[in-house]
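Close look at the chain arrangement
Each chain, written out:
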Amino acid sequence: MLNNPIIGARTNILCVIGHPIEHSMSPVMHNAALNDLSLDYIYLAFDIPPNDLEKAILGFKKSNMKGINVTIPHKEAIIHYLDELDPLSKQIGAVNTIKNEGGVLLGRNTDALGAKQALLDGGFKIEGKKALILGAGGAARAISFALSEKMGEIFISNRTEEKAIKLAKELQDKTKIKATGKDMSEKTLRSLAYSVDILINTTPIGMYPKIDISPISKDLLNENLFIFDIIYNPLQTRLLKDAKKIGSKTLNGLDMFVNQGAIAFEWWTGKKPNVKLMKEIIIEELGNK
Ligand code: ATR
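Residues numbered from 1 in each chain as written. Predicted model: local features only at pLDDT ≥ 70, side-chain atom pairs only at ≥ 80, totals over all residues. Heavy atoms only, no water.

1. Observations regarding the environment of Lys 66
- Mapped onto the secondary structure, Lys 66 falls in strand E3 (residues 65-70).
- We classify Lys 66 as partly exposed; its relative accessible area is 31%.
- The sequence separation of Lys 66 and Ser 248 amounts to 182 residues, and the corresponding C-alpha distance is 42 Å.
- When sequence neighbours within four positions are dropped, the list of residues in contact with Lys 66 reads Asn 12, Ile 13, Leu 14, Tyr 41, Ile 98, Lys 99, Asn 100 and Trp 268.
- At 2.6 Å, the side chain of Lys 66 forms a polar contact with the side chain of Asn 12. (Helix = DSSP H or I, 4+ residues; strand = E, 2+ residues; numbered from the N terminus. Buried < 20%, exposed > 50% of the residue type's maximum accessible area, 1.4 Å probe, protein only. Contact = heavy atoms within 4.5 Å. Polar contact = N/O pair within 3.5 Å; in protein donor to acceptor, adjacent residues only side chain to side chain.)

What follows is the structure in structure tokens.
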């Protein structure tokens, strides 16, 4: 299948690190795009437990590892080992993409930009709108900071209320957005769902294999609410199916995932990848699971 130059001593290496990592779609997506452009690169996956992160990253720094994607649970801890961060990843406090420039490690958060681009391409106009974000973990942080420049107001609703309050406070302190942190009870969701323009699910509720559950009851949705679920496995979560039945506009997590990969790819290689191909390969992979 590969029409790349033969893998040799000069082949550039890219990778994703995480723990666990075996379900990552990044290798298949990036290798398809590298192959498409016949670039002398290969993209691998490494399972790195938290205790080995330092040793691994210092080893990569001294090698021909040109780029690294970072996933759960290392997105925050990795910052400690990087030489430079762009302003957005500094605000977010999490990095998912590293470029190794001759032993100098640069960090960015392409999840944030990928999500924003996906929303714009999905027809959602961010300016002045009110958002309800479910979850207050790494993805919620990336998305809320990415949207905070243009959004009117953000509500964060999380199972652990203190984390939502902490993220809302950080958003208010570091950006100009008005932000409020809340719990994720039915009562709270009921009071917020009708007063916002967009609902963004960043929790894993509804993700494969527990695909029959939704983070919010269908009764609380309405047709004027744009629903963005960042899950891409399955592509149509229970939340998105409910939303479609009601007539809401919806967006799944595929574009965000592909966009974050495409931004990283271009940063590393200087070439624009074939985004359509990247999407197709993931849809094919999901079908094979
Ligand atoms: P990610 O990087 O994907 O955002 P994360 O940082 O582990 O992952 O964050 C996961 C988010 O989903 C958290 O907000 C978590 O809530 P808690 O802060 O209370 O842990 C939320 N989450 C995970 N499982 C959940 C569940 N079963 N019900 C509700 N929220 C859940």
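2. Quick word on the packing of aromatic side chains
- Applying the stated rule across the entire model yields four aromatic pairs.
- Between the aromatic rings of Tyr 232 and Phe 257, the centroid separation amounts to 4.7 Å while the plane-to-plane angle is 25°, which identifies the pairing as stacked. Taken together, the residues Tyr 232 in the loop between strand E11 (226-229) and helix H8 (238-246) and Phe 257 in helix H9 (residues 254-269) connect sequence positions 25 residues apart.
- Using a relative accessible area of 13% as the deciding quantity, one classes Phe 257 as buried.
- Over the ring of Trp 267 we find Arg 108, and its NZ or CZ is 5.0 Å from the ring centre. (Phe/Tyr/Trp six-rings, centres within 6.5 Å; stacked < 30°, edge-to-face > 60°. Lys NZ or Arg CZ within 6 Å of the ring centre and 35° of its normal.)

So yeah, pure geometry; function would need other evidence.
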